[in-house]
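The residues making up each chain are set out below.
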Amino acid sequence: MNASPPQVVLGTANLTGNRLVGRDSPVDFVERFQAPMEIASVFNDAAAAGVDAVATLNQLDVLAALKKTRQTFPGLQVYPIIPNVIGYVREATDYGLVGAARRRIQQMALVDLLKIGIRGALKAPGVLKRDFNTLMSILFDVELASFKSLKPPVVFLHPQITDLALAFGNRSLFELYVRTMRERFHTEPGLATNNLGWLVPKLKEWNLPIPFLLTPFNPSGFLMKPSRAECEALLASSSSAVIADKVDATADPGEDTWRYLRARNIRAAIIEFWNDKSFAPTIKQAKGLLAG
Amino acid sequence: MEIRYADLLDPPSLRAAAESPVRAVVHCAATTSETKVDYAQSFRVNVEGTRNLLQACQAQGIDRFIMVSTQSANEQNPSTYARTKLAGDLAVKESPLAYTILKPSTIYGPGSKGLFAKMVRLLDTVPVVPILGSGSRLIRPIHVFDLCDAILECEGCDQTLGKTYDLGGRDLVSYEDFIRSILHARRKKKPFVYLSLPVCRAFAAAFSLLKNPPFTRDNVLGLNQNQVCSIDAARNDFGFSPRGLREGLSQTFAAAESSAAATEVMDRGHKQEIRKAQAVQNVAIIGLGKMGLLHASILSVLPSARIVGLVDQDESLGAHVRTMGLKAPFFKSMDAALEQASVDAVFVCTPAFTHYPIARPLVEKNLNVFLEKPLAESLDGARKICDLLKDRSIVHAVGYMKGHSPVYERAGEIVSSGALGKEILFRSTLYLSQVFAPKRGWIYDPKKSGGGIVANSTCHLLFLLYRLFGPLRSVCAQTRRLHSEQVEDAATALLEFGNGVAGTLDTSWSTPGYPVEQTEIFLQGSAGILEVNDTRIRLNLNQSTGAYAKGWTTWQRAEMDTADFDLSPQYGGEGYYNEDLNFIKACQQKQTARVSWFDGLKVQEMMDALYRSATEGRVTL
């Protein structure tokens with residue numbers, strides 16, 4: 001499957017209290033968006049304003065809302081970010097890394113579990129040896145089972161997994177990920193990263209082209225590692241389509257933000273929901289100026 | 001290293017300078033066309049002069065030759081300087097000597113000569129700053145001391161033989177940003193005027209009539225050349241680890257203000273010190289759980305560290321970590337690691353109750369030790385750990401990573417600047433949505449972890465309060481269990497510090513709405529208020545004070561983050577990166593780490609007082 005690059009993607013970090021930049025209390029958001037209906041309402045507004053896709057972790061309430069919105073806006077795509085590291089890390093604190101993976105598997109539906117169980121049984125030696133890539137491959141199955149009916153055109157590897165594998169030079173995980181996404185899930189592989197300036201040279205060294213990168217790109221340089229200038233310079237030599245994240249690093253994104261991205265040939269960005277008033281106008285402005 | 005004087009165009013003087021016991025020659029001499037472009041003279045000095053020096057080395061039996069070239073020396077740069085330096089490089093490559101060629105980007109640093117000194121003088125005097133070209137060309141300015149380090153490192157490193165290395169600073173910046181950074185470091189603000197290339201060429205032609213022109217035709221010819229040099233090869237081969245631009249400029253101008261002191265430092269054999277301070281640290285990590293992996297990932301990208309051992313009593317965990325790509329040798333015990341690997345420093349990432357038994361033999365072997373927080377499971381344990389330091393001079397640190405978070409660092413600077421006037425009252429909170437049912441594991445066993453939310457998470461907040469206000473004077477606290485069977489899930493306390501400031505602490509890991517831990521401190525001073533949390537600082541001052549303006553000022557985390565790598569921005573990743581970088585640097589330079597065990601002991605005293613107060617009432621320290 002060849003996915004075409006989107007323009008405006010709705011992020012769900014704010015809706016679920018996982019924000020990185022500060023304005024108001026996250027509790028206000030968590031309280032408001034505890035019901036899938038409220039999330040669906042934001043999705044509806046976003047889709048009506050022109051959002052092309054929603055990027056999200058495997059979170060039941062978000063997926064329920066997305067399925068509801070797709071009844072009205074069937075063209076709204078989903079970009080899964082897998083695995084849900086935030087939930088996983090929390091469980092790893094209590095149950096250890098392997099224990100957390102086991103718990104995740106135990107939470108699956110029986111049918112999916114059976115399917116994965118058959119594949120998992122074939123991988124039993126790897127599981128018993130705690131082979132990281134085997135465990136990750138099972139996690140891919142587990143996480144994407146929730147997204148199956150939404151038919152995602154691109155799936156992103158969570159930035160903490162990307163960056164951990166990058167730091168450890170785990171090329172085989174990236175190869176496995178690309179192969180699994182294309183061959184088993186018939187979708188395009190994307191990598192989310194907070195360390196673009198480290199990742200792009202490594203992918204080149206490994207001769208591993210990745211069609212989509214989801215990464216912070218903003219005029220303030222927030223999370224553009226190791227530096228904004230290096231990320232900008234590398235972008236010019238990368239063949240990947242970049243979806244800019246953290247465009248709201250210091251303030252609500254505005255005309256300057258979209259022009260900054262356009263000047264660097266970035267045509268897609270993640271927009272987070274901050275408030276009802278600025279939400280739709282921001283999406284429309286981004287849509288117009290990124291396409292410009 | 002010794003400086004010897006000779007004339008590149010006078011071969012006998014070169015042979016005399018190269019007489020025994022010279023083992024190696026570093027060739028930095030060249031004519032730069034800084035004042036006048038003269039191709040014939042440049043060719044004589046930069047090409048024939050280099051050949052003369054190479055021949056003198058051969059004649060005197062000197063085998064090692066380090067050529068300091070330039071980023072300008074490439075086929076695309078048509079300037080006289082570039083062409084002649086490139087020809088000089090070729091002469092070196094064709095010689096039979098064991099050579100290394102270093103190609104630095106724009107060099108800056110203390111000193112009154114050279115292009116950078118000229119730029120600074122110009123910036124100091126002109127009312128409007130001329131930017132030659134668009135100002136967007138990329139350069140990687142390198143501090144002169146970092147270049148010196150590289151030369152010294154290469155000289156003793158066989159891996160560099162016959163190779164050419166690009167050298168630059170840590171930051172890749174546009175030329176315009178470089179100028180802005182210089183102005184910022186000199187606390188000046190000036191408008192810019194952009195001169196297009198044809199205008200620059202015209203000016204250069206006119207200036208060529210001057211004895212000491214501000215720029216020459218050669219300078220203009222290099223203006224459309226990016227210097228996006230990659231320093232990866234230098235990092236990998238000899239651990240090149242240059243400083244950032246902001247840090248380098250600040251040191252440059254500090255040195256200039258005290259040039260006599262700077263000279264003295266150089267005369268004292270500063271270069272030898274630099275060599276020691278640059279040595280890559282061999283690191284072992286004990287405990288391969290979540291924190292062990294986090295530190296391993298950061299240490300894997302730090303050029304100044306090399307992981308030489310992974311230690312865990314669970315062998316299957318070792319195998320698991322190896323399948324993640326981490327190829328360092330695995331050992332089932334620290335003794336085995338120390339027997340088989342050369343270790344300079346150890347990261348201990350095991351439960352708190354194991355810290356003392358693990359740290360003791362390490363300290364006795366004079367190894368540098370980083371302990372994850374908290375220092376120990378009890379005050380007695382923490383004291384025993386600090387007692388290990390008697391008559392020892394190891395580098396020690398404890399993992400209170402918020403002490404390295406740029407947001408809290410800046411908040412500390414504001415408080416210590418006195419801008420808030422007399423500090424009066426504060427309130428502080430730390431909330432997390434983690435425990436909503438009884439949980440198992442060492443964290444929830446007070447004998448192993450030291451307690452519940454306070455020992456495991458709120459210790460970070462206590463550390464911040466200690467850094468802001470100093471030692472604690474008294475505490476009156478209550479703790480409560482909500483879901484846990486053995487440890488507290490929530491605590492509230494009234495704290496009073498030695499400096500007179502008093503306030504509240506409220507904390508819980510059983511509060512919904514905080515999927516990621518949130519810390520907040522609000523401080524009321526006599527001259528304003530300060531609010532700081534993990535993502536921003538807000539300051540309101542009654543009147544302007546020093547660098548801080550009257551009214552509201554907000555700083556977002558994004559404006560302060562300078563870490564080169566961030567594995568976990570959600571969990572304060574820049575703090576962890578800075579923490580590891582600080583510890584490794586402290587090990588290299590044998591300096592005190594930013595957050596030492598003694599700081600950890602202070603936090604442990606605060607925790608102990610808080611827990612005692614929960615059963616005894618008000619506790620005074």
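In this text the structure is predicted, and so the values were computed from the model without any measurement.

## Considerations on the overall build of chain A
What chain A contains, in helices and strands, is 13 helices and 8 strands. The buried share of chain A, taken over its 292 residues, is 61%. In chain A, the proportion of contacts linking residues at least 24 apart, taken out of those at least 6 apart, comes to 72%.

## Some details on the overall build of chain B
Counting secondary structure elements, chain B contains 22 helices and 25 strands. Here chain B holds 621 residues, and the buried ones make up 56% of them. With an accessible surface of roughly 26500 Å², chain B has 50% of that area assigned to carbon and sulfur atoms.

## As for the sheet that holds strand E16 (residues 396–398) of chain B
Residues and elements named next belong to chain B. Pairing is parallel across the open sheet formed by 6 strands, whose spatial order is E13-E12-E11-E14-E15-E16. With one partner strand each, in any of the chains shown, strand E13 (330–331) and E16 form the two edges of the open sheet. The sheet contact formed by strand E11 (residues 281–286) and strand E12 (residues 305–311) spans 6 bridges and is parallel. Within the sheet, the bridge partner assigned to Ile285 lies in E12 and is Leu310. Along the sheet face, helix H13 (residues 290–301) touches E11, E12, strand E14 (345–348) and strand E15 (368–371) and points at about 165° away from the line of E11.

## As for the interface of chain A and chain B
At the junction of the two partners, chain A supplies 43 residues and chain B supplies 48 residues. Around 4300 Å² of area is buried between chain A and chain B when both sides are counted, 58% of it from carbon and sulfur atoms. Taken together, chain A and chain B are joined by 2 salt bridges. Across the chain A-chain B interface, the total number found is 7 residue pairs in polar contact (both at pLDDT 80 or more). At the level of secondary structure, the elements contributing two or more residues to the side of chain A that touches chain B comprise helix H1 (26–32), helix H4 (85–106), helix H7 (132–145), helix H8 (159–167) and helix H11 (228–237) of chain A. Top element by residues in the side of chain A that touches chain B is H4 of chain A. It accounts for 6 residues. Classifying every residue of the side of chain A that touches chain B by side-chain character gives 20 nonpolar, 14 polar and 9 charged.

## Here's the deal with H11 of chain A
The complete set of buried residues in H11 of chain A reads Ala229, Glu230, Cys231, Glu232, Leu234 and Leu235 of chain A. Against helix H10 (196–205), strand E7 (241–245) and helix H12 (255–263) of chain A together with strand E9 (173–174) of chain B lie the buried residues of H11 of chain A.

## Concerning the environment of Leu462 of chain B
Residues and elements named next belong to chain B. Residue placement: Leu462 occurs in helix H20 (residues 453–469). We classify Leu462 as buried; its relative accessible area is 1%. Expressed as a C-alpha distance, the spacing of Leu462 and Leu472, which sit 10 residues apart in the sequence, is 9.6 Å. The residues contacting Leu462, other than those within four sequence positions of it, are Val454, Leu505, Val603, Met606 and Met607.

## With respect to the environment of Met136 of chain A
Residue and element names in this part refer to chain A. Among the structural elements, Met136 can be located in helix H7. Overall, the relative accessible area of 3% leaves Met136 in the buried class. Among residues more than four places away in sequence, those in contact with Met136 are Pro83, Ile161 and Leu173.

## Remarks on the sheet that holds strand E1 (residues 8–11) of chain A
Taken in spatial order, the 8 strands of this closed barrel run E1-E2-E3-E4-E5-E6-E7-E8 (chain A), and their pairing is parallel. Recorded for the sheet is a direction-independent mean angle of 25° between the axes of neighbouring strands.

## What to know about the state of the cysteines
All names here are of chain B. Taken as a whole and judged by the stated rule, the model has 0 disulfides over all chains. A disulfide-free cysteine, Cys28 has its sulfur positioned 8.0 Å from the sulfur of Cys148, the nearest such atom. Cys28 sits in the exposed class, given a relative accessible area of 51%.

## Things to note about the pattern of salt bridges
Under the counting rule described, the total for this entry stands at 33 salt bridges over all chains. Across the pair Asp141 of chain A and Arg184 of chain A runs a salt bridge whose closest N-O atoms are separated by 2.3 Å. With a gap of 43 residues between them, Asp141 of chain A in helix H7 and Arg184 of chain A in helix H9 (residues 171–184) connect regions that are remote in the sequence. Since its relative accessible area comes to 3%, Asp141 of chain A is described here as buried. Where Arg235 of chain B meets Asp232 of chain B, a salt bridge forms, and the shortest distance between an N and an O atom there is 3.7 Å. With Arg235 of chain B and Asp232 of chain B both in helix H9 (residues 232–238), this residue pair falls 3 residues apart, about one helical turn. On the accessibility criterion, Arg235 of chain B (19% relative accessible area) is buried. Residue Asp232 of chain B is classed as partly exposed on the basis of its relative accessible area of 37%. Sharing partners across several salt bridges, the network here consists of Arg32, Glu38 and Asp276 of chain A.

## So, the nonpolar core
Within the largest apolar cluster, 110 residues are counted, with the highest numbers of intra-cluster contacts made by Phe217 and Leu261 of chain A. With 85 residues, the next largest nonpolar core counts Leu465, Leu530, Tyr548 and Leu601 of chain B among its residues.

## Considerations on the packing of aromatic side chains
Think of a pair of aromatic rings as described by two things: how far the centres are apart, and how the planes are tilted against each other in angle. For the structure on display, the rule yields 23 aromatic pairs over all chains. Relative to Tyr260 of chain A, the ring of Phe217 of chain A lies with its centre 6.3 Å away and its plane at 35°, an arrangement referred to as tilted. Placement of Phe217 of chain A in the loop between strand E6 (212–216) and H11 and of Tyr260 of chain A in helix H12 is noted, with a sequence separation of 43 residues between them. Residue class for Phe217 of chain A comes out buried when judged on its relative accessible area of 0%. Judged by relative accessible area, which is 8%, Tyr260 of chain A ranks as buried. Seen from their ring centres, Phe116 of chain B and Phe178 of chain B are 6.3 Å apart, and the 35° between their planes marks the pair as tilted. Here Phe178 of chain B lies in helix H6 (residues 175–185) and Phe116 of chain B lies in helix H4 (residues 115–125), a separation of 62 residues in the sequence. Taken individually, Phe116 of chain B and Phe178 of chain B each receive the classification buried, so the pair is uniform in this respect. Among the aromatic residues, those joined into a cluster by ring pairs are Phe33, Phe273 and Phe279 of chain A. Directly above the ring of Tyr356 of chain B sits Lys384 of chain B, whose terminal nitrogen or CZ lies 4.4 Å from the centroid.

## Comments concerning helix H16 (residues 355–364) of chain B
Residues and elements named next belong to chain B. Regarding H16, the residues found buried are His355, Ile358, Ala359, Leu362 and Val363. Buried residues in H16, looked at end-on, bunch into an arc of 120°, giving them a common side. Where the residues of H16 are buried, they touch E11, helix H15 (334–340), E14, E15, helix H17 (379–387) and helix H22 (597–616). Phi for Asn366, located one or two positions after H16, is positive at around 60°.

## Remarks on the pairing of E12 of chain B
Residues and elements named next belong to chain B. When you tally the buried positions in E12, you get 6 out of 7 residues, the bulk of the element. With H13 bridging E11 and its parallel neighbour E12, the resulting β-α-β unit is right-handed. Where E12 meets E13, 2 bridges bridge the pair, whose relative direction is parallel. Looking across to E13, one finds that Val311 is bridged to Phe331. In this fold, the crossover linking E12 to E13 by way of helix H14 (residues 315–323) has right-handed handedness.

## A word on the confidence of the model for chain B
Residue and element names in this part refer to chain B. The predicted model of chain B has a mean per-residue pLDDT of 88, with 94% of residues at 70 or higher. Note that residues 259–272 has pLDDT below 50 and, in this model, 8 contacts with residues that lie over four places away or in other chains. Across the predicted assembly, pTM comes out at 0.70 and ipTM at 0.87.

Thresholds, definitions, all that
- Residues numbered from 1 in each chain as written.
- Chains lettered and ligands numbered in written order.
- Predicted model: local features only at pLDDT ≥ 70, side-chain atom pairs only at ≥ 80, totals over all residues.
- Heavy atoms only, no water.
- Helix = DSSP H or I, 4+ residues; strand = E, 2+ residues; numbered from the N terminus.
- Buried < 20%, exposed > 50% of the residue type's maximum accessible area, 1.4 Å probe, protein only.
- Contact = heavy atoms within 4.5 Å.
- Areas by Shrake-Rupley, 256 points an atom, 1.4 Å probe, with all protein chains shown as cover.
- Pairing = 2+ DSSP bridges.
- Axes fitted to C-alpha atoms, helices over the stretch in contact; angles between N-to-C directions.
- Buried area = accessible area lost by both parts, 1.4 Å probe.
- Salt bridge = Lys/Arg side-chain N within 4 Å of Asp/Glu carboxyl O.
- Polar contact = N/O pair within 3.5 Å; in protein donor to acceptor, adjacent residues only side chain to side chain.
- Nonpolar A, V, L, I, M, F, W, Y, C, P; charged D, E, K, R; others polar.
- Disulfide = S-S within 2.5 Å.
- Core = buried A, V, L, I, M, F, W, Y, C linked by side-chain atoms within 4.5 Å.
- Phe/Tyr/Trp six-rings, centres within 6.5 Å; stacked < 30°, edge-to-face > 60°.
- Lys NZ or Arg CZ within 6 Å of the ring centre and 35° of its normal.
- Arc of directions from axis to C-beta.
- Right-handed = clockwise from strand over helix to strand, strands pointing away.
- pLDDT = per-residue confidence, 0-100.

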